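A look at the structure
Chain by chain, the residues run as shown.
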Amino acid sequence: MATDTNTLQAIISHAKEYGFIFPSSEIYDGLQAVYDYGQMGSELKKNIKDAWWKSMTQLQDNIVGIDAAIFMHPTTWKASGHVDNFNDPMIDNKDSKKRYRVDHLIEGHAEQLKADGKEKESEDLLAAMDALIAKDDFAGLKDLIDSNKIKCAISGTCNWTDIRQFNLMFSTEFGSTASSDDADNKIYLRPETAQGIFVNFLNVQKTGRMKIPFGIAQIGKAFRNEIVARQFIFRMREFEQMEMQFFIRPGTQDEWYEFWKAERLKWHLSLGLPAEKYRYHDHVKLAHYAKAACDIEFEFPIGFKELEGIHSRGDFDLSQHQEYSKKKQQYFDNDVDPATGKPYGNYIPYVIETSIGLDRMFLAVMSNAYMEQDLSTAEKQDSRVVLKFPAKLAPIKMAVLPLTKKDGLPEIAAGIINSCKSSFRCFYEEKDSIGKRYRRMDALGTPFCVTVDHQTKEDNTVTIRYRDSMEQERIPIDKLKEVVLQAIE
RNA sequence: GCGGAAGUAGCUCACCCGGUAGAGCGACAGCUUCCCAAGCUGUAGGUAGCGAGUUCGAGUCUCGUCUUCCGCUCCA
């Protein structure tokens, strides 16, 4: 029996062997926690994206999409809280190997001083710390720790490393010439796509004449330095999010929060993923922007892990942007409030966010689809690896296989492909025995294999073989497109 | 970041006490094949992660370095 870890290992190997996912820059020994999607993976990923986009925009009456730039004005990240909340200086004790956030370490010591009745010293210490943190003076902070003889609670020693900063966000140079002041040119790669939606809230609302409640959806890359970058594409430095911010009237947040919680789970189940692999996980400890938050967790080979988050963000983001930009982020609501008989008037909308990691969704689909099957009979040992993707998501929808590569069979197969390839992705293969070709298609997750044989020449019928059951039936060539299209609808 | 393990062909691995690299699968080109992998022939593919040391000689021993995996730690 394979352990969970082995299963993830098997999926990683399979993903590489069949062109789904390659480690980034592999010929240079790779780049930690960065991966490339290959010829099969990019198709699967695109199909997941399309399914999400369609369900969140086209099938909704009041949600539109945008595609905001990855680069954003630096003040965006001050407003969002990313600059202050996720740039914590850290320090390690060399003896206990324990890592601390510097502010936590000093605050702990200050509390101790206070408990010992040395209130003045405690306050001085905190004031000194705040001043140094504000200046990013790490050497000064280190001196502060040393001069106060702050000890590690575990080792009891003062044997500290230098202070290092944990940078959540990647920064880069903006503009083609160096400035005399580097800070002027520093710009971040967005750590989440949500802010691209918030800063465009009024643009979309006004130009699209959107009425609350309405949503803005976006798919795009985001970048984060991870402290522990492992677990394959579950945690990557460059990743892709599919987010939707739903703008609502204050006071209605609870019902909309529940609505989107339910609605998003429905989407997952509509793709044919099993309900027992899903569960909700409500957050007890909330992030700085959240009023309520839950995760939709999926049972990956590494256990139940966050796949999607539903957050009730209140008016935090728009209020912050209003404050930092000095531009009103308000909506005028003409609807009549039954309680007062007057319009609701001007307000900053509340927001419910749904945010799913595209790469995590990819891994969820992949790990759910991956199966090693034992097909042995009394006479013969046999097995296959099959990816049971929902047909809608499969990279290749239909393979067309001439039983032999002569007698005009390849020509008939080519004709079938030509008539179908504008509707869905087809694949042609004439090499090797038919059984081998079926198994290769199983390994890629192709739901339908069509085989052209000699009978085809007589009556224009082919066999269609179903991936999951491995059963086949004979149908007319001109029914093929319909069968496949129906399955991927 | 710490501890442990491992890096040889696309993949899985072999090479016993150091003597200038091999198998299976896979790939490719043919042959065969009328429906579920492992039939036949042939071909390609490796300066053994990288660097240094010991040695007449290093995939094999030593050190360093990089990468990966496992555990711990950290984490929005």
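Every chain's residues receive numbers from 1 upward, in the order its sequence appears when written. Think of it this way: whatever chain is written first is A, whatever ligand is written first is 1, and the rest follow in order. Only residues with pLDDT of at least 70 get local features here, since the model is predicted, and only at 80 or more are side-chain atom pairs given and counted; chain-wide, interface and lining totals rely on the full set of residues. Only hydrogens and water are removed before side-chain values are computed, so all heavy atoms of the structure are retained for them.

**Some thoughts on the sheet that holds strand β22 (residues 461–466)**
Pairing within the open sheet is mixed, and its 5 strands lie in the order β20-β19-β21-β22-β23. Two strands close off the open sheet at either side, each with one partner strand: β20 (426–428) and β23 (472–476). The sheet shows a mean angle of 30° between the axes of neighbouring strands, direction not considered. Sheet topology places strand β19 (residues 398–402) next to β20; 3 bridges connect them, and they run parallel. Residue pairing in the sheet places V400 in a bridge with Y428 of β20. By definition, residues are in contact when any of their heavy atoms lie within 4.5 Å. Axis definition: a line fitted to C-alpha atoms, limited for helices to the stretch in contact. Angles are taken between N-to-C directions and run from 0 to 180 degrees. For the purposes of this entry, the term helix denotes a DSSP run of H or I that reaches at least four residues, the term strand denotes a run of E that reaches at least two, and both are numbered from the N terminus. Together, β19, β20, β21 (448–452) and β22 form the strand contacts of helix α14 (residues 409–420), whose direction differs from that of β19 by roughly 160°. By definition, two strands form a pair when at least two bridges between them are found by DSSP.

**Details of the nonpolar core**
Side-chain atoms within 4.5 Å link the members of a nonpolar core, which is a set of buried Ala, Val, Leu, Ile, Met, Phe, Trp, Tyr and Cys residues. Three exposure classes are used, based on accessible area relative to the maximum for each residue type with a 1.4 Å probe and protein chains only: buried under 20%, partly exposed in between, and exposed over 50%. Among the nonpolar cores identified, the biggest contains 62 residues, and F20 and M361 are the most heavily contacted of them. Looking at this core, the element that brings in the most residues is helix α13 (residues 358–369), giving 8 residues. An automatic or database domain assignment supplies the start and end points of every domain. The residue makeup of this core includes at least three contributed by each of domain 1 (4–71 + 179–366) and domain 3 (396–488). In terms of nonpolar packing, the next biggest core, distinct from the first, is built from 20 residues, A413, C420, C426 and V450 among them.

**What to know about the packing of helix α2 (residues 41–58) against helix α11 (residues 253–270)**
Helix-helix packing: each pair is described by the crossing angle between the helix axes and the interaxial distance. At a closest axis distance of 11 Å, the pairing of α2 and α11 adopts a crossing angle of 140°. Overall, the two elements α2 and α11 adopt an arrangement that is oblique. Once α2 is placed against α11, the crossing between them reads as right-handed. From α2, I48, A51, W52, S55 and M56 reach across to α11, where they touch W260, R264 and W267. In this scheme, roughly parallel covers angles under 35 degrees and roughly antiparallel covers those over 145, while 65 to 115 is roughly perpendicular and the rest are oblique. Here a crossing is called left-handed whenever its near helix is offset anticlockwise from the far helix by less than a right angle, and right-handed whenever the offset is clockwise.

**Let's talk about the domain arrangement of chain A**
We note that the domain assignment places domain 1 (4–71 + 179–366), domain 2 (87–167) and domain 3 (396–488) within chain A. Each of domain 1 and domain 3 has a C-alpha centre, and these two points are 38 Å apart. Facing 6 residues of domain 1, the contacting portion of domain 3 comprises 5 residues. Take the accessible area each of two parts loses on contact, using a 1.4 Å probe, and add the two losses: that sum is the buried area. Of the roughly 510 Å² buried between domain 1 and domain 3 on both sides combined, carbon and sulfur atoms contribute 62%. The largest per-residue losses of area from domain 1 upon contact with domain 3 belong to Y18, M40 and E43, which jointly make up 67% of the total buried on that side. Take a side-chain nitrogen of Lys or Arg and a carboxyl oxygen of Asp or Glu: if they are within 4 Å of each other, that pair is a salt bridge. Linking domain 1 to domain 3 there are 1 salt bridge. Between R425 and E43 there is a salt bridge whose closest N-O contact spans 3.0 Å. Throughout this description, a polar contact denotes any pair of N or O atoms lying within 3.5 Å of each other; where both atoms belong to protein, one of them has to be capable of donating a hydrogen while the other can accept it, and for residues adjacent in sequence the pair is counted only when both atoms sit in side chains. Between the two partners, domain 1 and domain 3, sit 2 residue pairs in polar contact (both at pLDDT 80 or more).

**Considering the pattern of salt bridges**
Between side chains of opposite charge, a pair can form when the charged atoms approach closely. Inspection of the entire model under this criterion finds 24 salt bridges. In this structure, a network of salt bridges that share partners links the residues E192, R313, D317 and E353.

**A short note on the packing of α2 against α13**
In contact at an axis separation of 10 Å, α2 and α13 are set at 110° when each is read in the N-to-C sense. Overall, the two elements α2 and α13 adopt an arrangement that is roughly perpendicular. In this structure, α2 uses G41, L44, K45, I48 and K49 to contact α13, whose residues at the interface are L358, D359, M361, F362, V365 and M366.

**Here we look at the pairing of strand β15 (residues 342–347)**
By the bridge criterion, 5 bridges tie strand β14 (residues 331–337) to β15 in an arrangement that is antiparallel. Each residue of the ladder has a partner; that of D337, found in β15, is K342. Joining the antiparallel neighbours β14 and β15 is a turn of 4 residues, in which G341 adopts a positive phi near 75°.

**Considering the packing of aromatic side chains**
Note on aromatic contacts: the rings of Phe and Tyr and the six-membered ring of Trp form a pair at centre separations within 6.5 Å, being stacked when their planes are under 30 degrees apart, edge-to-face when over 60 apart, and tilted otherwise. Using the criterion set out here, one finds 18 aromatic pairs in the structure. Here F234 and F300 contribute two aromatic rings whose centre-to-centre distance is 5.2 Å and whose plane-to-plane angle is 80°, an arrangement assigned as edge-to-face. Residue F234 is found in the loop between β9 (214–223) and β10 (238–248), and its partner F300 is found in strand β12 (residues 292–300); the two are separated by 66 residues along the sequence. This pair shows no difference in class: F234 is buried, exactly as F300 is. Here the aromatic cluster, defined as three or more aromatic residues joined through ring pairs, consists of F198, F201, F214 and F247. A ring is scored as having a charge over it whenever the NZ atom of a lysine or the CZ atom of an arginine sits within 6 Å of its centre and within 35 degrees of its normal. Across the ring face of Y344, the terminal group of R249 is positioned such that the distance to the ring centre comes to 3.7 Å. In this structure, R360 is placed above the aromatic ring of F234, and the distance from its NZ or CZ to the ring centre is 3.8 Å.

**Looking at the environment of M366**
Tracing the backbone through its elements, the reader meets M366 in helix α13. Residues M366 and F20, spaced 346 residues apart in sequence, show a C-alpha to C-alpha distance of 9.6 Å.

**Some details on the state of the cysteines**
Throughout, a disulfide means two cysteine sulfur atoms within 2.5 Å of one another. Tallied over the entire structure, the rule returns 0 disulfides. Of all cysteine sulfurs in the structure, the one in C426 sits closest to C420, which takes part in no disulfide; the separation is 5.2 Å. Classification of C420 by relative accessible area gives buried; the value is 2%. The thiol of C449 is not disulfide-bonded; the next cysteine sulfur, from C426, is found 12 Å away. Given a relative accessible area of 1%, C449 falls into the buried group.

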